[in-house]
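The residues making up each chain are set out below.
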Amino acid sequence: MKEVVEYAAKRYITIIPEIEMPGHSEEVLAAFPELSCAGEPYVNSDFCIGNPQTFVFLENVLSEVMELFPSELIHIGGDEAEKNGWRTCAKCNRLMNQEALKDADELQSYMIHRIETFLNANERRLLGWDEIMQGGLAPNATVMSWQGEKYGIDAARKGHDAIMTPINYCYLNFYQDAPDAHVLSWAGYTPLEKVYAYNPVPDSLDMEALKHILGIQGNVWAEYIPTEENEEMMIWPRALAIAETGWSLPEKKSYERFRKNALKAVEFMQSKGYSPFDLKNEVGQRREYADTVCHLAYQKPVEYKKMYTYEYTAGGKTALTDGLLGGWAPDDNRWQGFIGNSMDIVIDMETVQVINSIEATFMQDGFGWYWMPKEVEISISPDNKNFTLLTTVKNDIPFTQTGFFLKNFGWNGKTGGRYIRYIAKPDKESQKVGFLFVDEVIVK
Ligand code: ACM
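Parameters at a glance
- Residues numbered from 1 in each chain as written.
- Predicted model: local features only at pLDDT ≥ 70, side-chain atom pairs only at ≥ 80, totals over all residues.
- Heavy atoms only, no water.
- UniProt positions renumbered as here; feature names shortened; annotations may be inferred.
- Helix = DSSP H or I, 4+ residues; strand = E, 2+ residues; numbered from the N terminus.
- Buried < 20%, exposed > 50% of the residue type's maximum accessible area, 1.4 Å probe, protein only.
- Lys, Arg positive; Asp, Glu negative; His and termini not counted.
- Salt bridge = Lys/Arg side-chain N within 4 Å of Asp/Glu carboxyl O.
- Polar contact = N/O pair within 3.5 Å; in protein donor to acceptor, adjacent residues only side chain to side chain.
- Contact = heavy atoms within 4.5 Å.
- Phe/Tyr/Trp six-rings, centres within 6.5 Å; stacked < 30°, edge-to-face > 60°.
- Lys NZ or Arg CZ within 6 Å of the ring centre and 35° of its normal.
- Pairing = 2+ DSSP bridges.
- Axes fitted to C-alpha atoms, helices over the stretch in contact; angles between N-to-C directions.
- Parallel < 35°, antiparallel > 145°, perpendicular 65-115°, else oblique.
- Left-handed = near helix turned anticlockwise from the far one by under 90°.
- Nonpolar A, V, L, I, M, F, W, Y, C, P; charged D, E, K, R; others polar.

Naming follows an unreviewed UniProt entry, where the chain appears as beta-N-acetylhexosaminidase of Dysgonomonas termitidis. Turning to the chain, the UniProt record has this under Sequence similarities (unreviewed entry): "Belongs to the glycosyl hydrolase 20 family." Recorded in UniProt for the chain, the comment headed Catalytic activity (unreviewed entry) runs: "Hydrolysis of terminal non-reducing N-acetyl-D-hexosamine residues in N-acetyl-beta-D-hexosaminides."

This part takes up the side chain of D332. With respect to the secondary-structure elements, D332 resides in the loop between β7 (302-304) and β8 (336-339). Comment: no salt bridge for buried D332; closest opposite-charge side chain is R334, at 5.9 Å. Within the structure, the side chain of D332 is placed 2.7 Å from the backbone nitrogen of G327, a separation counted as a polar contact. A distance of 3.0 Å separates a polar atom in the side chain of D332 from the backbone nitrogen of R334. Other than its neighbours up to four places away in sequence, D332 contacts Y289, G326 and G327.

In this section: the packing of aromatic side chains. The full count for this structure, using the stated rule, is 24 aromatic pairs. Here Y312 and F437 contribute two aromatic rings whose centre-to-centre distance is 4.9 Å and whose plane-to-plane angle is 85°, an arrangement assigned as edge-to-face. Residue Y312 is found in the loop between β7 and β8, and its partner F437 is found in strand β13 (residues 435-443); the two are separated by 125 residues along the sequence. On the basis of relative accessibility, which here comes to 22%, the residue Y312 falls in the partly exposed class. The class for F437 is buried, based on a relative accessible area of 1%. An aromatic cluster is defined as three or more aromatic residues linked by ring pairs; in this entry it consists of W129, W146, Y171, F174, W186, W221, Y224 and F367. If you follow K253 out to its NZ or CZ, it ends over the ring of Y196, 4.7 Å from the centre.

Strand order in this open sheet of six strands is β1-β2-β3-β4-β5-β6, and the pairing throughout is parallel. Of all strands in the sheet, those bounded by a partner on one side alone are β1 (18-21) and β6 (213-216). The sheet shows a mean angle of 25° between the axes of neighbouring strands, direction not considered. In this structure, strand β5 (residues 162-164) lies alongside β6, joined through three bridges in parallel fashion. If you follow A162 over to β6, its bridge partner there is I213. Relative to strand β3 (residues 125-129), helix α6 (residues 104-121) is tilted by about 145°, and along the sheet it contacts β1, β2 (73-77) and β3. Of the strands in this sheet, β4 (142-145), β5 and β6 touch helix α7 (residues 150-157), which is tilted by about 160° from β4.

Time to look at helix α11 (residues 228-235). For α11, the full list of buried residues reads N230, E232, M233, M234 and I235. Here the buried face of α11 lies against α12 (238-247).

Here, UniProt's "domain: Glycoside hydrolase family 20 catalytic" (unreviewed entry) annotation points to residues 2-248. Secondary structure over residues 2-248 splits into 42% helix and 10% strand, and the C-alpha atoms at its two ends are 31 Å apart.

Before going further, it helps to examine the packing of helix α3 (residues 52-68) against α6. It is the contact of α3 with α6, at a shortest axis distance of 11 Å, that shows an interaxial angle of 40°. Overall, the two elements α3 and α6 adopt an arrangement that is oblique. Helix-helix and strand crossings are classified by hand; for α3 and α6 the assignment is right-handed. Between α3 and α6, the residues in contact are F55, L58, E59, L62, S63 and M66 and Y110, M111, R114, I115, F118 and L119, respectively. Looking at side-chain class alone, the contact of α3 with α6 contains nine nonpolar, one polar and two charged residues.

Most of β2 is tucked away, with five of its five residues classed as buried. Burial of β2 is two-sided: the residues L73, H75 and G77 facing one way and the residues I74 and I76 facing the other way are all buried. In terms of strand pairing, β1 meets β2 through two bridges, oriented parallel. Bridge pairing in β2 links E18 to H75. Pairing of β2 with β3, which is carried by three bridges, proceeds in the parallel orientation. Residue L73 lies in a different strand from β3, and its bridge partner there is R125.

Quick look at the structure:
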């Protein structure tokens, strides 16, 4: 590691280490189960904050880390703590009473504050993922905004430094091209053009707050990247887009110019034996994404018996009859998401119509936590009271299946009616955590 740090320093690069706490720490707690709330391995993924030995351990680790890494910023993670063990843990509860902490968020914040005090005493600064804002941000902390930009914006407004790395633009482990032209990846769709389009300097910030935006970061999480070649393909050329964004004013950027240079860079890397993404053979966005589908239900009103999620509205109540089909990822504002309940809608065709087909496409990618419905029921009615079931379509793609899938659930035949009810029931197992994503109900 000393050699790596030295190699980087010669090139004016500072390596910032990340030592994850209090969550994502299963591997530590497997070796030191006494530092978890349960006291045994493979139960908790978070350190027990009520155990004073946790702080002894973490300060020892950070002392070694500081000895190796001259970086002023030390990343302590802070993301995705489950906090489950803390709520029922006697030690954590004792500490919460003693320190008048009202909930698990404040307990996490207590820990981050303590670690910050330790780092500051050693002339280092704490950097953490945006969850470190939960329960109150430590006074000198720098925030890495990954769950969108809002945390970075909020931190900068409060006078904290922030680094922008929003998941929809800066996660280089998502698909770079059409999923069926690509090795298995961790869901999403983040082509080069999208990475390049990101501007880490939000318009909504004033000059004072803008000074706190330190820059941009690209992330590559490797749990679904089995080989080095695969990893190189995920990183390049997208990392070039991150770099150019970091050092360029938005008005100086041009994707056309950048792409030409990226093609040359890819060729150069290939000539040196590396395995970048083959940009010149990029397949690109789902073909249907470019068209507007005209069909009988186009722009007809939709009644929602159950609501879509606020996170994925696709534009709201007109989304499923707006003629717009989704792309390869649920975050393109074309896919409407349902979580915790069925999709259950009635389309009013406004007059009685002869109907030959009714269909909708759903998207599944288990890594992204979105699954096919278990089954779909399609019915028709003249009066919005008495419905006749046209079909029940069962899913045949198991929710345990890895990979990306689009599947059409539909009915064909001949019928007449004014009201169409389309119900998509989620799989029981995936219902609590996963989304249903649907882009349009097409009626012909
Ligand atoms: C993260 O992706 N959990 C920072």
